[in-house]
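# Structural overview for review
Here is how the chains run, residue by residue.
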Amino acid sequence: MKLGIIGLPQSGKTTIFNALTRGNTPTTASAGRIEIHQAVVDVPDPLVDKLSGMFNPKKTIYAKVTYADIAGLEAGAAKTGISGQLLNQLAQMEGFIHVVRCFVDENVPHPSGSVNPARDVESMEGELLLNDLVAVERKLEKLVDERRKGGTDKVLNARQTELFERLHKTLSDSQPLRGMEFNAEEQKELASYGLLTRKPILTAFNLGEGQSAPQVDVAHPTVALQGKLEMEIAQLAADDAAVFMQEYGIEEPSLNRMIRLSYDLLNQQSFFTVGEDEVRAWTVRRGANAQEAAGAIHTDLQKGFIRAEVVAYDDLTSLGSMNEAKNKGKFRLEGKEYIVKDGDIVHIRFNV
């Protein structure tokens with residue numbers, strides 16, 4: 001899982017990045033430079049903690065998510081073309097967290113002169129839309145040129161033309177591509193284009209202390225958090241952070257909430273492997289079958305898949321042991337088409 005944190009200058013992208021990653025990356029402006037900061041974060045998971053307490057393994061390994069603080073995207077960038085370096089970074093992301101400034105700070109003026117979350121949401125969506133529209137128009141021009149010159153695969157050209165004309169109509173109607181449905185062949189075709197509005201997006205309203213979330217009509221998931229306060233909490237020792245959170249009435253750090261929203265955004269879930277050596281959480285897309293889950297562990301397990309031994313988390317923890325789960329008939333063998341459930345404990349039988 002790799003999510004890019006984007007936003008207009010002075011929106012607090014790096015502050016949110018620090019809150020999520022418990023980092024201390026400087027929050028000063030990059031003076032127009034393209035800077036990318038990345039951090040891999042453990043996914044806090046009480047299920048992993050419970051399983052680790054049951055099995056007392058030598059190692060406990062949580063699922064991971066990578067966050068990238070992507071500086072350099074400004075209003076109007078798409079009109080002249082987003083730079084190749086920046087576009088390459090954006091295309092590598094599986095989704096975006098768009099940080100929208102809501103706080104007022106006289107020492108940090110807003111680039112547009114005033115704080116207006118609704119305007120900034122529309123501005124960023126417009127940048128991504130325009131970038132994709134330009135890319136799609138270039139592809140259509142290339143397809144026309146190929147037909148004129150001849151010697152090209154006419155069937156492939158016709159199929160691509162139909163696909164990209166559909167994309168063009170959607171974008172021309174000021175609609176992002178993430179709402180469109182594509183078959184497997186089309187998804188494969190589009191994978192190499194890095195179209196930005198195909199990627200899911202979470203809008204994070206960056207509030208000032210005591211500020212309420214703005215009433216902005218957004219067509220995708222949103223979250224509101226006090227970025228500066230959350231960053232300060234993330235940089236405290238655990239005991240001090242607990243006192244600080246209690247004082248400000250914060251139930252949990254933004255890291256925990258944002259991770260769960262990240263999972264939802266990218267349609268991900270966790271399953272577990274357990275034992276005396278290791279308790280580990282693995283990430284797989286919702287709807288994945290047992291053979292795909294085996295591949296998340298190791299490609300050899302996917303290639304040589306025979307059966308999956310499966311027990312539900314609730315069954316295992318309520319019964320207290322794997323042996324008891326077997327005795328009560330809660331331990332079962334599943335084939336490769338079994339759809340893995342969130343929280344399943346899985347052991348793969350394989351032969352390579």
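A few points on the structure. (Residues numbered from 1 in each chain as written. Predicted model: local features only at pLDDT ≥ 70, side-chain atom pairs only at ≥ 80, totals over all residues. Heavy atoms only, no water.)

### Considerations on the pairing of strand β5 (residues 95–101)
Of all 7 residues that make up β5, 7 are buried, and the element is covered over most of its length. The side-chain alternation of β5 yields two buried faces, one formed by Gly 95, Ile 97, Val 99 and Arg 101 and the other by Phe 96, His 98 and Val 100. Summarising the sheet, strand β1 (residues 2–6) and β5 pair through 4 bridges and their orientation is parallel. Each residue of the ladder has a partner; that of Leu 3, found in β5, is Gly 95. Inspection of the sheet shows β5 paired to strand β6 (residues 201–206) by 6 bridges, in the parallel sense. From the neighbouring strand, Val 99 faces β6, where its bridge partner is Ala 204. (Buried < 20%, exposed > 50% of the residue type's maximum accessible area, 1.4 Å probe, protein only. Helix = DSSP H or I, 4+ residues; strand = E, 2+ residues; numbered from the N terminus. Pairing = 2+ DSSP bridges.)

### Topic: the pattern of salt bridges
Scanning the entire structure with this criterion turns up 16 salt bridges. For Glu 162, the salt bridge identified is with Arg 166, shortest N-O distance 3.6 Å. Of this pair, Glu 162 and Arg 166 both sit in helix α6 (residues 154–172), separated by 4 residues, roughly a single helical turn. Classification of Glu 162 by relative accessible area gives partly exposed; the value is 40%. Under the relative-accessibility criterion, Arg 166 is labelled partly exposed at 25%. The salt bridge involving Arg 332 is made with Glu 334; its shortest N-O contact spans 2.8 Å. (Salt bridge = Lys/Arg side-chain N within 4 Å of Asp/Glu carboxyl O.)

### Some thoughts on helix α11 (residues 290–297)
One turn of the α-helix equals 3.6 residues, which is why residues spaced by three or four share an orientation. Within the span of α11, buried status applies to Ala 290, Ala 293 and Ala 294. Within α11, the buried residues cover an arc of 105° as seen down the axis, which keeps them to one side. Residues of α11 that are buried make contact with β8 (268–273), β9 (278–285), α12 (299–303), β10 (305–311) and β12 (345–350). Between the side-chain oxygen of the N-cap and the backbone nitrogen of Gln 291 there are 3.1 Å, and the N-cap of α11 in question is Asn 289. (Arc of directions from axis to C-beta. Contact = heavy atoms within 4.5 Å. Polar contact = N/O pair within 3.5 Å; in protein donor to acceptor, adjacent residues only side chain to side chain.)

### So, the nonpolar core
Counting 35 residues, the largest nonpolar core has Leu 20, Tyr 67, Ile 97, Met 258 and Ile 345 as the members making the most contacts within it. For this core, the element with the most residues is helix α10 (residues 254–265), which contributes 5 residues. In this structure, Ile 97 is in contact with Leu 3, Gly 4, Ile 5, Ile 6, Leu 20, Tyr 67, Leu 202, Ala 204, Met 258 and Ser 262, ignoring residues within four places of it in sequence. Counting 15 residues, the second largest nonpolar core, distinct from the first, contains Phe 271, Val 284, Ala 293 and Ala 294. (Core = buried A, V, L, I, M, F, W, Y, C linked by side-chain atoms within 4.5 Å.)

### Examining the environment of Lys 139
Inspection of the secondary structure assignment puts Lys 139 in helix α5 (residues 117–149). Distance from Lys 139 to Asp 153, taken between C-alpha atoms, is 15 Å for residues 14 residues apart in sequence. Setting aside chain neighbours within four positions, we find Lys 139 in contact with Gln 160, Phe 164 and Tyr 193.

### Comments concerning the packing of aromatic side chains
To describe a pair of aromatic rings, you give the distance between the ring centres and the angle between the ring planes. Summed over all chains, the structure comprises 1 aromatic pair. Centroid distance Phe 164 to Tyr 193: 5.1 Å. Interplanar angle 70°. Geometry classified as edge-to-face. You can see Phe 164 sitting in helix α6 and its partner Tyr 193 sitting in the loop between α7 (184–190) and β6, a full 29 residues away along the chain. Exposure remark for Phe 164: the relative accessible area of 1% places this residue in the buried category. The aromatic ring of Phe 164 is capped on one face by Lys 139, whose charged end is 6.0 Å from the ring centroid. (Phe/Tyr/Trp six-rings, centres within 6.5 Å; stacked < 30°, edge-to-face > 60°. Lys NZ or Arg CZ within 6 Å of the ring centre and 35° of its normal.)

### What to know about the sheet that holds β6
Either a parallel or an antiparallel arrangement is found when strands of a sheet pair, and the pairing is made through backbone hydrogen bonds. Spatially, 6 strands are ordered β2-β4-β1-β5-β6-β7 in an open sheet, and the strand pairing comes out mixed. The strands lining the two open edges of the sheet, one partner per strand, are β2 (36–42) and β7 (222–225). Direction aside, neighbouring strands of the sheet carry axes that sit 25° apart on average. Relative to strand β4 (residues 64–70), β2 runs antiparallel, the two being bridged by 7 bridges. Along β4, the bridge assignment pairs Val 40 with Thr 66. This element, α10, spans β1, β2, β4, β5, β6 and β7 of the sheet and lies at about 170° to β7. (Axes fitted to C-alpha atoms, helices over the stretch in contact; angles between N-to-C directions.)

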